Amino acid sequence: MNDFMRKRIVFVVFFLLLLMMAVPYGCTDRKPTQADTVNADTQATDTSTIDSTERLIAETPMPKAADELFDDFVFNFAANRKLQMKRIVFPLPVYRNGKLVKKVASSQWRIEHFFMRQGYYTLIFDNDRQKALLKDTSVNHVTIEKIFFKRKTVQQFLFDRVRGEWILTSMNYKPLYQNKNASFLKFYHHFSVDSAFQVRSMASEVEFTAPDPDDDFSQISGVIMPQQWPDFKPTLIPRGVIYNIIYGQTYTETTRKVFLIRGIANGLEIELSFRKERGEWKLVKFNS
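Rules behind the numbers
- Residues numbered from 1 in each chain as written.
- Predicted model: local features only at pLDDT ≥ 70, side-chain atom pairs only at ≥ 80, totals over all residues.
- Heavy atoms only, no water.
- Helix = DSSP H or I, 4+ residues; strand = E, 2+ residues; numbered from the N terminus.
- Buried < 20%, exposed > 50% of the residue type's maximum accessible area, 1.4 Å probe, protein only.
- Contact = heavy atoms within 4.5 Å.
- Areas by Shrake-Rupley, 256 points an atom, 1.4 Å probe, with all protein chains shown as cover.
- Core = buried A, V, L, I, M, F, W, Y, C linked by side-chain atoms within 4.5 Å.
- Polar contact = N/O pair within 3.5 Å; in protein donor to acceptor, adjacent residues only side chain to side chain.
- Pairing = 2+ DSSP bridges.
- 1 Å grid on protein atoms, 1.4 Å probe; cavity = no way out; pocket = protein on both sides within 12 Å on 5 of 7 lines; lining within 4 Å.
- Points joined across faces, edges and corners; volume = space filled by probe spheres on them.
- Nonpolar A, V, L, I, M, F, W, Y, C, P; charged D, E, K, R; others polar.

Undergrad: I'd love a proper account of the overall build of the protein, names of residues and values included.
TA: Assigned secondary structure in the protein consists of seven helices and twelve strands. For the protein, buried positions account for 50% of its 288 residues. Sequence separation of at least 24 residues holds for 64% of the intrachain contacts in the protein that already meet a minimum separation of 6. Total accessible area on the protein is roughly 14400 Å²; 53% of this is exposed by carbon and sulfur atoms.

Structural data, given as structure tokens:
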């Protein structure tokens, strides 16, 4: 992401942080009602506060260059109501397990902030090579997965680049067990909240790179044993909802996963590398 876009995101996040102080976090894992609204995980909030914040954000138009990389576009889409409404195909088709169940009119749509209110987003790769897709301007189809652990459901937002502009073209709901990363996601959900399980899920030696506690501008690298994990472990994400962005990477039944945690406008970036050994996922490396 270029410096110009990072400055824009700082602007966006500043107002969203003010919003978070005024209203509760909107995503929960409660089961959807029978009506099954478009964003059933969003709680009722002070819409007047949200609207005023979005008006401020909307005053800064998205540059045309933001459509070159989805990574740049999505932050504008998530924060700018006016832009979001323009970049959705209405009526929006909604599928369950690949079967069309309804179409959502523009009047029914509630703005989707994705991961903006969490302050971070997550990415899953099978290998390091797939990370290059984040900066690949030839990518024309991207899927954002909103993963509900307690509900065991994945809500997919499918984007296509049409005539040079990113457009949300459909949504799809699938049970978590059908996800290509189901085994790893089940493991990581447990790993993120259980400190004892974290220690049990480490290789005998784990490579690491972390900030130097004695020098804010330096890092230290080395190898730790499982019993040293509490002293070195980075911030993990024990949320009920996480996101994954598929930039075109094809997942397989691999024995390796790379899990990235990226902060929004705060420089946070944590990379965890896992390897499956004798049927169990083990942490083998982390950078923070």
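Undergrad: Account for the nonpolar core, naming residues and giving values.
TA: Formed by 38 residues in total, the largest nonpolar core has its most connected members in F70, F114, F115, I144, F159 and I245. With six residues, the single largest contributor to this core is helix 3 (residues 70–79). Residues within four places of I245 in sequence aside, it is in contact with F70, F115, Y121, T122, L123, V142, T143 and I144. Formed by 33 residues, the second largest nonpolar core is a distinct cluster that contains V154, L176, I246 and Y251.

Undergrad: With reference to specific residues and values, describe the side chain of R262.
TA: Looking at the secondary structure, you find R262 in strand 10 (residues 256–263). Here E269 takes part through its side chain, which lies 3.2 Å from a polar atom of the side chain of R262. Not counting chain neighbours up to four residues away, the residues in contact with R262 comprise D71, G119, Y120, Y121, L123, L134, L268 and E269.

Undergrad: Account for the pairing of strand 5 (residues 153–162), with residues named and values stated.
TA: Of all ten residues making up strand 5, eight are buried, and the element is well covered by its neighbours. Note: strand 4 (residues 141–148) against strand 5, eight bridges, orientation antiparallel. When the sheet's bridge partners are listed, V142 is paired in strand 5 with F159. Connecting the antiparallel pair strand 4 and strand 5 is a turn made up of four residues, with K152 showing a positive phi of about 55 degrees. Bridge analysis of strand 5 against strand 6 (residues 165–175) gives ten bridges, and the strand direction is antiparallel. Within strand 6, the position partnered with F159 by the bridge is L168.

Undergrad: How would you explain the pairing of strand 2 (residues 99–104) if you had to name every residue and give the values?
TA: Inspection of the sheet shows strand 1 (residues 92–96) paired to strand 2 by five bridges, in the antiparallel sense. Across the sheet, R96 pairs through a bridge with K99, a residue of strand 2.

Undergrad: Mind laying out empty space enclosed by the protein, listing which residues take part and the relevant values?
TA: Across all of its chains, the model carries four cavities of 30 Å³ or more by this definition. In this structure, the largest cavity spans a volume of roughly 70 Å³. Considering the residues around the largest cavity, the lining is formed by K180, N181, A182, S183, F184, T252, E253, T254, K257, K276 and W281. Considered class by class, the residues forming the lining of the largest cavity number three nonpolar, four polar and four charged. Considering only enclosed or pocket space, the second largest cavity measures out at about 40 Å³ in volume. Surrounding the second largest cavity, E68, L69, F70, L133, L134, D136, V139, R161, W166 and Y247 form its lining.

Keep in mind that these numbers describe shape and distance, not what the molecule does.
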